[in-house]
Amino acid sequence: MLYVILVAAMLIFWLVAIDRPVLLIKFKSGLVVKQKGHLPATFRQSVVEIAKQTPFDGQFKVYQQRSGAKLVFSKQMPKPVQQRIRNVFPHQSFRSRGKRKLY
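Residues numbered from 1 in each chain as written. Predicted model: local features only at pLDDT ≥ 70, side-chain atom pairs only at ≥ 80, totals over all residues. Heavy atoms only, no water.

Caption draft 1: Spatial organisation of unusual backbone geometry. Phi is positive for Ser29, close to 55 degrees, though the residue is something other than glycine. Of note, Ser29 is situated in the loop between β1 (23-28) and β2 (31-37). (Helix = DSSP H or I, 4+ residues; strand = E, 2+ residues; numbered from the N terminus.)

This is the structure:
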């Protein structure tokens, strides 16, 4: 009985506490250092171009939610760069999981 409770607690901890982004991109001096997940080619090209124009350090993550994709930026990234990345983000490539009502 105790084993079942321990396994359930570990499963709940894993589901809640572990960070699981759909896409992770890290930058160092305007260059892409690490990429994890599916990155559409046009979005990658746009992000690399933004990074060349204004070099920065930091990272951003994309989380899949029911309402669509959510972008989370690190605090090191300047606000104008964050906005430029949000403007070129391909929302069509990251479909929402939830059902949408058609009226």
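Caption draft 2: Representation of the pairing of strand β3 (residues 58-65) in the model. Taken across its eight residues, β3 has six buried, putting it largely inside the fold. Note that β1 and β3 share five bridges and pair antiparallel. Within β3, the residue paired with Leu24 across the bridge is Lys61. Where β3 lies against strand β4 (residues 68-73), six bridges are found, and the strand directions are antiparallel. Within β4, the residue paired with Gln65 across the bridge is Gly68. Turn length for the β3-β4 hairpin, with the two strands adjacent in sequence and antiparallel, is two residues. (Buried < 20%, exposed > 50% of the residue type's maximum accessible area, 1.4 Å probe, protein only. Pairing = 2+ DSSP bridges.)

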